[in-house]
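Residue-level listing of the chains:
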Amino acid sequence: MEQRVTLEVSFQGCKYFSRYALPTNSWLTLEISNKQENSASQQFRARVAWLSRSRTLRGLFQVGVEFEAPGNVWGLANPPEDWRQPDVPRTPDAPAFEREMKELLALAETGTYYQLLRMTSDSPRAQVRHSYYELMRKFHPDHHMDRAELMPPLHKLMEALTLAYKTLTDDTTRRKYDEHLAASGTFTLGRHQSELQKTAEDCMEKARECFKGQNSGGAILWLRKAAEIEPNSQKYHALLARALSAVAPLRHEAIEHFEKAVEIDPWNTTLRFQLAALYEDMKLPWRARPHYQKVLEIDANNTKAHERLRLLDAEPGENDMSEQSFMDRIFRHSPK
């Protein structure tokens, strides 16, 4: 139980600060009082629709809840007209989502960066950024972990979106891209990358063979080559970083590739958790902390990140992970 004031109210629910990381879709009871009217408190059941950690108030969460039965529970004499016509929640249209995903993948193969990000060559950088983050929020693999069959195409789409975004938000690369587009009449993600992708995948296959033969040095060499061929691929930087992490003298290089992978995919909580774990393994907890905190900004219910921060706060500079190898931690345990 806790006593709070609302931040926002509506016909459908409200938003408020809480000390508790309430699970999404859990139910709670709100007791709403109207001190101005000096009336008795009323109780209403509500469902937790979303939760996010406050960026300004340490230790608090913002909670959005939906009433079981929408209505003007606030005692407002003249509520907005649209409150009386609440939207009916719609079930997500899975076929429509998959069609849209396939359409974007087709654009990644045959369209331009502008078409992929749904804009024109005259669109300002702010619009590029807005469109990119909207698409990432909708199609990022971390948001669809319950559908394993969608992971490969979503990862492929994520890399294409990120490459388009990085090209169009940098003035120099955008100008060169536009010049190439004007000269050729068409410029596609797929044709430009296909040969390099095939070569990088060949390197990846050779790296797998080296791992099977317990030749970690050879695997690292092939993974380095794959990352050089496709420098904008989060996958190759992440795999190389994990392989380098197992070799103590190469951990500084591992950090460089982890950071590159995180730069390409800033929403990936798994990568951030693994980078933080590596910093801890290198006795650099002050560098691990901001990455654990970022994980919680993205996923407030990440129990592993909560636990690591709790241990860092309890024992600065020391933790109970020293007896367990870094590679065991990142490969045998989920960050959630």
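Anything mentioned here points back to the structure above.
To keep things clear, this report deals only with the structure shown in the data block. (Residues numbered from 1 in each chain as written. Predicted model: local features only at pLDDT ≥ 70, side-chain atom pairs only at ≥ 80, totals over all residues. Heavy atoms only, no water.)

Along its length, the chain carries 13 helices and five strands. In the chain, buried positions account for 42% of the 336 residues. Restricting the contact set of the chain to residue pairs at least 6 apart, pairs at least 24 apart contribute 55%. By element, 50% of the accessible surface of the chain is carried by carbon and sulfur atoms, the whole surface being about 19600 Å². (Helix = DSSP H or I, 4+ residues; strand = E, 2+ residues; numbered from the N terminus. Buried < 20%, exposed > 50% of the residue type's maximum accessible area, 1.4 Å probe, protein only. Contact = heavy atoms within 4.5 Å. Areas by Shrake-Rupley, 256 points an atom, 1.4 Å probe, with all protein chains shown as cover.)

A pair can form between side chains of opposite charge whenever their charged atoms are brought close. Across all of its chains, the model carries 20 salt bridges by this definition. Between Arg-4 and Glu-2 there is a salt bridge, with the nearest N and O atoms lying 3.2 Å from each other. Under the relative-accessibility criterion, Glu-2 is labelled partly exposed at 27%. Across the salt bridge formed by Glu-149 and Arg-147, the nearest N and O atoms sit 3.0 Å from each other. Judged by relative accessible area, Glu-149 falls into the partly exposed class, the value being 49%. Judged by relative accessible area, which is 23%, Arg-147 ranks as partly exposed. A single network of salt bridges, built from pairs that share partners, joins Glu-2, Arg-4 and Arg-19. (Salt bridge = Lys/Arg side-chain N within 4 Å of Asp/Glu carboxyl O.)

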